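Structural description and commentary
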Amino acid sequence: MSRYFLTTPIYYVTAQPHLGHAYSTITADALARWHRLLGEEVHFLTGTDEHGQKVADKAAAEGKDPQAFVDEIAPLYAKAWDRLGITNDDFIRTTEERHKIGVRELLQRCYDAGDIELDVYKGKYCVACEEYYTDDELDPGDLCRIHRQPVQYYEEENYFFRLSRFQQRLLDWYDAHPGAIKPEFRGNEALGLIRSGLRDFSVSRTSLQWGIPLPWDDKHVAYVWFDALANYITAIGYGTDEERFNTWWPGRHLIGKDIIRHHCVYWPAMLMSAGLEPPAGWAVGGWLLVGGEKMSKTQGNVVNPLDLVDEIGVDGFRYYVLAETPYGNDGDFTAEGLDARYNSDLANNLGNLLSRVATVVGKKCDGVGPAPSPDSPLAAVAASAYADTAKAWDDVQPSRALEATWSLIRATNAYLEANEPWKAEPGPAVDTVMGDALEALRIVSVLASPAVPESAQAVWQRIGMPGNVIDQRLPHAAAWGGYPGGLTVVKGDPLFPRR
Ligand code: MSP
């Protein structure tokens, strides 16, 4: 069976989970769910990034010991993901022992390979990015371009990772693995970074205690990005359980565009240095902006995803973030957009189809769903909806996948309108139309389940299907003719009450 190991970035515990974190976690969750439907053995990892200057500063500002501080915040992420229906198989915290062991192992391997060396660093550092910058990478006034706050001048003895040695190896690797970064234009950004020349980066700090000490020199703690990236392998047993590690690595990373350099340049080079395989792939998303700006406390535009879920439901929220923005591009979050999507796609299309079908089956078929016709005109529509949905998930394009799935919903509504079974006398003609519509709903519930899992299960149950929609397997479950007929169809309350 093929294996699919998928990760999200691990989130800094300096803030509570916000809309941007939810966006990346929901996208990854939907992908993980899709791959489970395909019958792959999925391991889906998320977690929290708990070391580094930023976290230490924040804990100090609150007058707390850093460990006590991170112990308060990390569970907020786990709870938020629970509320959003996230099906992660593991949750790694970088303050866990399994992680510390693996990070030391990785550092030691790179050191033994001769790729980590001592040097003196003088330069400008953005604490929010945890990154050194040169003058030409900063805005006037020495402002970080991402955070728009002044960088700090640091001078210290650091160990350096000799990234400059990896330029050709990285270019060769990407050359041999076309399409490893999706979408393609984000891959081109990564290649541009590599081609423009690679600077060694420092992998240790002496000015800071809140981190993992280097195994060969405990005056230094590991640079937070070296520590953080390693989570992807420490969580699956690197340094602690080699067999498990070999089972799952290489994995795939879903990230935001702001962390391309770390994930697509530093990370594969670190892995190569340690004698490990680079990742199997990357999916790079844009930012979900609020009022055209990245969310931040200073902008005062932080949106708490859990407030939205209370308003519009888990699936309404998940559907919106997946359907609204082509993955890879920036999107703009608006409350009006959220309502508009909900009303048009969920209430008027999916919800309306289900309620129509259940009503007519109740009135004209004694509440018992008839079987579909093998040569229904909807069969071909369902086949192409499946093919397009599958292709789009494979390309990590959830908005296109949902568009393809919804094409079957729209076609089924149109089919009902053309046949008007609600006006006809009960009999074989009505039964055929309703059987076809039920079959379309069955297929839709499978294909839509990665995005709207609770509603997909509700549709599945109301049309009388036994068991769980998430236990279905593709492509079999999308093949026309799976609705057996003779099942009790339940009308129930509106699935998506209009807003
Ligand atoms: N801790 C690092 C990642 C280490 S991974 C080895 C980090 N954390 S973060 O919490 O600041 O951001 C994590 C991810 O969330 C980033 O990929 C970032 O792009 C994403 N998002 C944060 N705000 C976002 C939006 N407003 N929109 C979409 N994603 C955004 O970076």
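In short, a report on the structure. Model, not experiment: these values are computed from the prediction.

Criteria and thresholds
Residues numbered from 1 in each chain as written. Predicted model: local features only at pLDDT ≥ 70, side-chain atom pairs only at ≥ 80, totals over all residues. Heavy atoms only, no water. Helix = DSSP H or I, 4+ residues; strand = E, 2+ residues; numbered from the N terminus. Expected span 1.5 Å × (residues − 1). Buried < 20%, exposed > 50% of the residue type's maximum accessible area, 1.4 Å probe, protein only. Arc of directions from axis to C-beta. Contact = heavy atoms within 4.5 Å. Pairing = 2+ DSSP bridges. Right-handed = clockwise from strand over helix to strand, strands pointing away.

An α-helix turns once per 3.6 residues; consequently, residues spaced three or four apart project the same way. Its 18 residues give helix α3 (residues 66–83) an end-to-end C-alpha distance of 26 Å, which sits within 8% of 26 Å, the value for a rise of 1.5 Å per residue. Here α3 has its buried residues at F69, V70, I73, A74, Y77, A80 and W81. For α3, the arc enclosing every buried residue in end-on projection is 120°, short of the 170-degree limit, so these residues lie on one face. More than 90 degrees from the buried face of α3, the exposed residues found are K79 and D82. Here the buried face of α3 lies against β2 (11–12), α1 (19–37), β3 (41–49), α2 (53–61), β4 (90–93) and α11 (305–312).

Among the five residues of strand β14 (residues 281–285), five are classified as buried, and the element is accordingly described as predominantly covered. The alternating pattern of β14 places G281, A283 and G285 and W282 and V284 on opposite faces, both of which are buried. Of the strand pairs in this sheet, strand β13 (residues 252–256) and β14 are connected by five bridges, and their pairing is parallel. Within β14, the position partnered with R252 by the bridge is G281. One crossover worth recording links β13 to the parallel β14 by way of helix α10 (residues 260–273), and it is right-handed.

All right, on to unusual backbone geometry then. Residue P183 follows K182 across a cis peptide bond; omega there is -10°. Within the secondary structure, P183 sits in the loop between β8 (181–182) and α6 (184–195). The residue after W249, namely P250, is reached through a cis peptide bond having omega 5°. Within the element layout of this structure, P250 appears in the loop between α9 (242–248) and β13. Of note, V396 is a non-glycine position whose phi angle comes to about 55°, a positive value. One can find V396 in the loop between α14 (377–394) and α15 (398–419). Although it is not a glycine, E420 adopts a positive phi angle of roughly 45°. When you line up the elements, E420 lands in the loop between α15 and α16 (428–448).

Okay, the side chain of S273 next. Inspection of the secondary structure assignment puts S273 in helix α10. When its relative accessible area of 8% is taken as the criterion, S273 is described as buried. Non-local contacts of S273, meaning those with residues more than four positions away in its chain, are made with R109, C110, A113, D115, F161 and F166.

Remember, this is a structural readout, not a statement about activity or role.
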